[in-house]
Structures are given as structure tokens and as C-alpha cells.
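Listed below, chain by chain, are the residues.
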Amino acid sequence: MAPSIHPAIDNSIKKGDASFKGGKLYCHCSSAKVEVTVSSNVAHNHACGCSKCWKPEGALFSVVGVVPVDAIKVTANGNKLKVIDSSAAIQRHACKECGVHLFGRIENDHPFKGLDFIHTELSDSKGWQEPQFAAFVSSVIEQGFLPSEINGVREKLKKEGLETYDVLSPGLMDLIATHTGQKNGKLPAKL
Ligand SMILES: N[C@@H](CCC(=O)N[C@@H](CS)C(=O)NCC(=O)O)C(=O)O
Ligand SMILES: [Zn+2]
Ligand SMILES: [Zn+2]
């Protein structure tokens, strides 16, 4: 049987609604759920195969995108949140009980500072931007996926309309490189 890439991708991707303005995210606890209210659609939504992003049970990939920090408010049971790894670039705030990541925040000097990473599948609302590409595909091998089967995964992602990359998409990698070039003085601060 083909492995599950992610429930939002396995049986074709549903397009989002460009005028969608956000919704609530909930953790997976059966009661006293952590609730996060998001007042924005997500951008750069993508499948991520890395080992750090939260994935639903049985899925090879996470689906994760960004919203402005100001668009995120913890609106219930925030006392259940903890930061998984405070030394990581993305500080993932997860529910201590069910393990779901509610949002990932960048606190240090980083090109994506000011953006929070979220998983829109934690919301019941419809209209979130659909995944746009697949990142960190080869990283699933580090987590035990057989290298001999990775081409099938790449083909399935492409069949569902997602270009595959082993880091982020070229556009995002260019943004990161621009930030680095400006920090090390090789590029002018204003472009
Ligand atoms: N191959 C590594 C890649 C990890 C990685 O670099 N993840 C990316 C995509 S989420 C990242 O930006 N990580 C920053 C962080 O996790 O703080 C893994 O699977 O653990
Ligand atoms: Zn929970
Ligand atoms: Zn990731």
C-alpha cells in the first residue's frame, strides 16, 4: 500500500479561498483543548518532510505555513503549552498532553522573524491556502523511510501538483540567502 503523504494531500488537494480570513486551531486533547485564534489566512503553505515539524499519526509529511505573529492569539488552555526545543530556530509551542504543535515562533534574527508557523488541519474552518510545494523531501529517509521508495513519494507529490525540494522552495531559499548576504555585508541593506 502506498504510504500516506498527509491526509490533505493523499486524495487530491482542495483549493483554498483567497478571501479567507483565518479561524481557530485546536489541539487533539478530548477536553480542555488548547485553542489558538488566527486572524489571517496562511501563506507559503507546504508539505514538510523534516523530523521537527508536527505530523498527524501515520503521515510522512507535515503540512505547515506561516501567518504574521500578530495574527496569533492563544484563546484557551494556554497553560498546557510548552516550547519543545528552545534552542531551535523555530520555537514550537506544543500541547504538553497530546503533543500537537499549535504554533512555531522565530525569536532570533532570522529572515522569517515576525512569522509564526501553523498547521491549518488543526482548524475546522475551510478556506485556508492549500499546500503549494513539498520541502525537505529527502529528510523522510533520515526518519526510516526506505531510500529505494523515495521516487514513488516524489512522483505522488508531483501528481498532486506539488513541486518537490530537499530544502525549501527556491523563492524562500533566495530570501534566506538575501538576509545572510545583507547580514555579512556582501549585499546592500536596501535592495
Ligand atoms: N534533515 C533535518 C532538517 C531539519 C530542518 O532544517 N528543518 C527546517 C524545516 S522546518 C527548518 O527550517 N528547521 C528550523 C527549526 O526546526 O528550527 C531533519 O529532518 O531534522
Ligand atoms: Zn492537547
Ligand atoms: Zn519542517
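Remember, predicted model here, so these are calculated numbers, not experimental data.

## Quick look at the UniProt feature "binding site: Zn(2+) 1" (unreviewed entry) in the chain
Item 1. The positions UniProt marks with the feature "binding site: Zn(2+) 1" (unreviewed entry) are Cys 27, Cys 29, Cys 95 and Cys 98. Annotated residues spanning 72 residues; largest pairwise C-alpha distance 8.5 Å, indicating a single compact cluster.
Item 2. Inspection of the secondary structure assignment puts Cys 27 in the loop between strand S1 (23-26) and strand S2 (35-38).
Item 3. Given a relative accessible area of 2%, Cys 27 falls into the buried group.
Item 4. Look past the residues within four positions of Cys 27 in its chain and what remains in contact with it is Lys 33, Val 34, Cys 95, Cys 98, Val 100 and Leu 102.
Item 5. Position of Cys 95 relative to the elements: it lies in strand S7 (residues 90-95).
Item 6. In this structure Cys 95 comes out as buried when scored by relative accessible area, which is 2%.
Item 7. With residues up to four places along the chain from it excluded, the contact list for Cys 95 reads Cys 27, Cys 29, Val 34, Lys 80, Leu 81, Val 100 and Leu 102.

## What to know about the coordination of the zinc ion (ligand 3)
Item 1. The zinc ion (ligand 3) binds to the protein through Cys 48 (SG), Cys 50 (SG) and Cys 53 (SG); the donor distances cover 2.3 to 2.4 Å.
Item 2. Positions of the donor residues of the zinc ion (ligand 3) along the chain correspond to the pattern C-x1-C-x2-C.
Item 3. Overall, Cys 50 belongs to the buried group, its relative accessible area being 12%.

## Overview of the side chain of Asp 10
Item 1. Relative to the helices and strands, Asp 10 resides in helix H1 (residues 7-10).
Item 2. Among the polar contacts listed, one links the side chain of Asp 10 to the backbone nitrogen of Ile 5, at a separation of 2.8 Å.
Item 3. Apart from the residues within four sequence positions on either side, Asp 10 is in contact with Ser 4, Ile 5, Lys 156 and Glu 160.

## Topic: the sheet that holds strand S8 (residues 101-106)
Item 1. Strand order in the open sheet formed by eight strands is S6-S7-S8-S9-S4-S3-S10-S11, with mixed pairing between adjacent strands. Edge strands, defined here as strands with exactly one partner in the open sheet, are strand S6 (81-83) and strand S11 (163-164).
Item 2. Here strand S10 (residues 133-135) runs beside S11; their pairing, made up of two bridges, is parallel. Each bridged residue has a counterpart across the sheet, and for Phe 133 the counterpart in S11 is Glu 163.

## Looking at the site of ligand 1
Item 1. Within the structure, ligand 1 sits among Cys 48, Cys 50, Ser 51, Lys 52, Cys 53, Ala 88, Ala 89, Ile 90, Arg 92, Phe 136, Ser 139 and Glu 142.
Item 2. Interatomic distance of 3.0 Å between a side-chain N/O atom of Ser 139 and a nitrogen atom of ligand 1.
Item 3. Between a nitrogen atom of ligand 1 and a side-chain N or O atom of Glu 142, the distance comes to 3.0 Å.
Item 4. In isolation ligand 1 offers 500 Å² of accessible surface; the protein chains occlude 76% of this area.

## Observations concerning the pairing of strand S4 (residues 62-68)
Item 1. The buried count for S4 comes to six of seven residues, which makes it a mostly enclosed element.
Item 2. Bridge analysis of strand S3 (residues 43-48) against S4 gives four bridges, and the strand direction is antiparallel. Within the sheet, the bridge partner assigned to Cys 48 lies in S4 and is Ser 62.
Item 3. Here S4 runs beside strand S9 (residues 115-118); their pairing, made up of four bridges, is antiparallel. In the sheet register, Val 66 faces S9, and the bridge partner there is Phe 117.

The rules behind the values
- Residues numbered from 1 in each chain as written.
- Chains lettered and ligands numbered in written order.
- Predicted model: local features only at pLDDT ≥ 70, side-chain atom pairs only at ≥ 80, totals over all residues.
- Heavy atoms only, no water.
- UniProt positions renumbered as here; feature names shortened; annotations may be inferred.
- Helix = DSSP H or I, 4+ residues; strand = E, 2+ residues; numbered from the N terminus.
- Buried < 20%, exposed > 50% of the residue type's maximum accessible area, 1.4 Å probe, protein only.
- Contact = heavy atoms within 4.5 Å.
- Donors = N, O, S within 2.8 Å, 3.2 Å for Na, K, Ca; no water.
- Polar contact = N/O pair within 3.5 Å; in protein donor to acceptor, adjacent residues only side chain to side chain.
- Pairing = 2+ DSSP bridges.
- Near = heavy atom within 4 Å.
- Areas by Shrake-Rupley, 256 points an atom, 1.4 Å probe, with all protein chains shown as cover.

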